[in-house]
Amino acid sequence: MITPVFLDQIETIVSRAGLSADSLAALREAFPDHHFTQCLDDDISAGIEPVRESDGFNLYLIDASEHCLHFTRDLDSATGLVLAEVSDDD
């Protein structure tokens, strides 16, 4: 389960370390029970709202409890996070 405190931790870590392949690998190692994916915010379908917006990136929740992955805003059903890089052009 993902909690608001966990989201605070992830947001703090990524804000300090920056969003990169190295920081994503560190998150995966530190939190092996959660799935982390990185992409550009432009890659997220229109109409999907982030659960958190931060400087340089947005956080989206993923639910993998069913056959297909899907975005969710429900912390109780979320199994992972998408860290989406926001460029200055957005």
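Coordinates for the structure precede this section.
What counts and how
- Residues numbered from 1 in each chain as written.
- Predicted model: local features only at pLDDT ≥ 70, side-chain atom pairs only at ≥ 80, totals over all residues.
- Heavy atoms only, no water.
- Core = buried A, V, L, I, M, F, W, Y, C linked by side-chain atoms within 4.5 Å.
- Buried < 20%, exposed > 50% of the residue type's maximum accessible area, 1.4 Å probe, protein only.
- Helix = DSSP H or I, 4+ residues; strand = E, 2+ residues; numbered from the N terminus.
- Contact = heavy atoms within 4.5 Å.
- Lys, Arg positive; Asp, Glu negative; His and termini not counted.
- Salt bridge = Lys/Arg side-chain N within 4 Å of Asp/Glu carboxyl O.
- Polar contact = N/O pair within 3.5 Å; in protein donor to acceptor, adjacent residues only side chain to side chain.

## Overview of the nonpolar core
- Ranked by size, the top nonpolar core spans 17 residues in total, and within it Ile10, Phe36, Leu81 and Leu83 carry the most contacts.
- Of all the secondary structure elements, the ones that give two or more residues to this core are helix H1 (4-17), helix H2 (21-30), strand E3 (57-63) and strand E5 (80-85).
- Contact partners of leucine 83, with chain neighbours within four places excluded, come to Ile10, Val14, Leu19, Leu24, Leu27, Phe36, Thr37, Gln38, Cys39, Asn58 and Leu59.
- Listed in part, the six residues of the second largest apolar core include Ile44, Tyr60, Ile62 and Val82.

## Focus: the side chain of aspartate 41
- Position of aspartate 41 relative to the elements: it lies in the loop between strand E1 (35-40) and strand E2 (52-54).
- Here aspartate 41 occupies a buried position and makes no salt bridge, while the nearest side chain of opposite charge, arginine 73, is found at 11 Å.
- Here asparagine 58 takes part through its side chain, which lies 3.2 Å from a polar atom of the side chain of aspartate 41.

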